[in-house]
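Observations on the model geometry
Now for the letters of each chain:
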Amino acid sequence: AFAVGEFYVRCSGIGPGELPLAARGVSPIVVSDYSDDRLSYAKKFGADVLVNPTNNDPYDVWREAFSSNGIQTPQVIFECVGKNGLLQSIVDSCEFMARVYVAGGWYDAGTIDCTDATHKGMTIQFGGGPHPQDWYGTLAAVVDGRLDPSPSIGRVIGLDEVPEAVDQVRRGKGPPRVVVHPTAAS
């Protein structure tokens, strides 16, 4: 997951004053998720502003955060969910000239209105990575101590618990990361 994230961040070319990333020295980082548990993980990895769309519109929160920090660059959005209809929702709600990096994948023929995206001058990139430099760069960051992945591990399970864990992931439940350890006690 870290190598995938690194690929999309690297491809976005973001810098100070744009979409913030703590490791690149830019902020505020705005993260939106319906799961408060997942939002707490985002906080552990440097998110500054957490938004549960049940309570607040993420785009309104983004506008406020960027306005109060004097940031006037186009939105950079990382879509990491892959839910059918979400990309069209981004097209409908994003700012003019937004750049969207689609890391999530849906497999049920989701569609977007290309005319709406064109009128907004959007850039949308699907897939393409990670590349070896992302894998090795992430591994080097872990080995060097610049990246501690342990806060992302929500649960360690044994082999007999894998079917239940997979079912939870399919339903968008459970922790973001589960480690399967063959000798873990149930």
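Residues numbered from 1 in each chain as written. Predicted model: local features only at pLDDT ≥ 70, side-chain atom pairs only at ≥ 80, totals over all residues. Heavy atoms only, no water.

Comments concerning the environment of I157
Here is the rule we go by: Each helix corresponds to a stretch of at least 4 residues labelled H or I by DSSP, and each strand to a stretch of at least 2 residues labelled E; elements are numbered beginning at the N terminus. Partly exposed describes any residue whose relative accessible area lies between the buried limit of under 20% and the exposed limit of over 50%, with all areas from a 1.4 Å probe on protein chains only and scaled to the type maximum. Any two residues whose heavy atoms approach within 4.5 Å at even a single point are treated as in contact.
Within the secondary structure, I157 is located in strand β6 (residues 153-157). Given the relative accessible area of 0%, I157 is considered buried. Residues I157 and V100, 57 residues apart in the sequence, show an inter-C-alpha distance of 34 Å. Those residues in contact with I157, other than ones at most four positions away along the chain, are V162, A165, V178, V179, V180, H181 and A184.

As for the nonpolar core
Under the convention used in this document: Joining through side-chain atoms within 4.5 Å is the link that ties buried Ala, Val, Leu, Ile, Met, Phe, Trp, Tyr and Cys residues into a set, and such a set is a nonpolar core.
Membership of the largest hydrophobic core is limited to 11 residues, which are Y59, I77, L87, I90, V91, C94, A98, V100, V102, A117 and M122. Secondary-structure elements contributing two or more residues to this core are α4 (86-93) and β4 (99-102). If you tally residues by element for this core, the top one is α4, at 3 residues. Counting residues in each nonpolar core, the second largest holds 6 residues, with V9, I14, V76 and Y101 among its members.

Focus: the environment of L87
Relative to the helices and strands, L87 resides in helix α4. According to the relative accessible area criterion, L87 is buried, its value standing at 2%. With 24 residues separating them along the chain, L87 and T111 place their C-alpha atoms 8.0 Å apart.

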